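Observations on the three-dimensional arrangement
The residues making up each chain are set out below.
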Amino acid sequence: QVQVVESGGGLVHPGGSLRLSCAASGFTFSSYAMSWYRQAPGKERLLVARITSASGSTNYADSVKGRFTISRDNAKNAVYLKMNSLKPEDTAVYYCKARGVTGATIGNVYWGQGTQVTVSS
């Protein structure tokens, strides 16, 4: 069955770093664009970063440009989010999303259960 599982969240001081991981299974990972979203308490879920299935092109929310880096390893069916220079406003639940972009996968969307990131002194 399809699984999307995030890990790597935790408590970190302002200015610190974390690396989130997202492990996928049950679908053809290389046919899916992968994204990280985040949702702070009482706020809507917002896109943080996205990486395409083929070329690995990336884009980022303005609020994280220059601090966060998304990457993927198709051999390991995994996507990562390296977060540097973390700020209290980065505190949120971070979600991994898979979206089918080729052939029969188009229209498929899978979400993980989320991992908490808390930035606090």
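Residues numbered from 1 in each chain as written. Predicted model: local features only at pLDDT ≥ 70, side-chain atom pairs only at ≥ 80, totals over all residues. Heavy atoms only, no water.

**Some remarks on the side chain of Ser 35**
- Along the chain, Ser 35 falls in strand 4 (residues 32-39).
- Here Ser 35 falls in the buried class, since its relative accessible area comes to 6%.
- In this structure Ser 35 touches Leu 47, Ala 49, Arg 50, Ile 70, Tyr 95, Cys 96 and Lys 97, once residues within four positions along its chain are discounted. (Helix = DSSP H or I, 4+ residues; strand = E, 2+ residues; numbered from the N terminus. Buried < 20%, exposed > 50% of the residue type's maximum accessible area, 1.4 Å probe, protein only. Contact = heavy atoms within 4.5 Å.)

**Observations regarding the nonpolar core**
- The biggest cluster of nonpolar side chains holds 27 residues, and the ones touching the most others in it are Met 34, Trp 36, Val 79, Leu 81, Met 83 and Tyr 94.
- Listing elements by their share of this core, those giving two or more residues are strand 3 (18-25), strand 4, strand 5 (46-51), strand 7 (68-73), strand 8 (78-83), strand 9 (92-100) and strand 11 (115-119).
- Not counting the four nearest positions on each side in its chain, Leu 81 is found in contact with Leu 18, Arg 19, Leu 20, Trp 36, Val 48, Ala 49, Phe 68, Thr 69, Ile 70 and Tyr 94. (Core = buried A, V, L, I, M, F, W, Y, C linked by side-chain atoms within 4.5 Å.)

**Description of the pairing of strand 11**
- With burial as the criterion, only one face of strand 11 is covered, namely that bearing Thr 115, Val 117 and Val 119; the residues Gln 116 and Thr 118 on the opposite face remain uncovered.
- Sheet analysis places strand 2 (residues 10-12) next to strand 11, joined by three bridges and oriented parallel. Pairing of Gly 10 across the sheet is with Val 117, part of strand 11.
- Bridge count between strand 9 and strand 11: three bridges; the pairing is antiparallel. Bridge pairing in strand 11 places Ala 92 opposite Val 117. (Pairing = 2+ DSSP bridges.)

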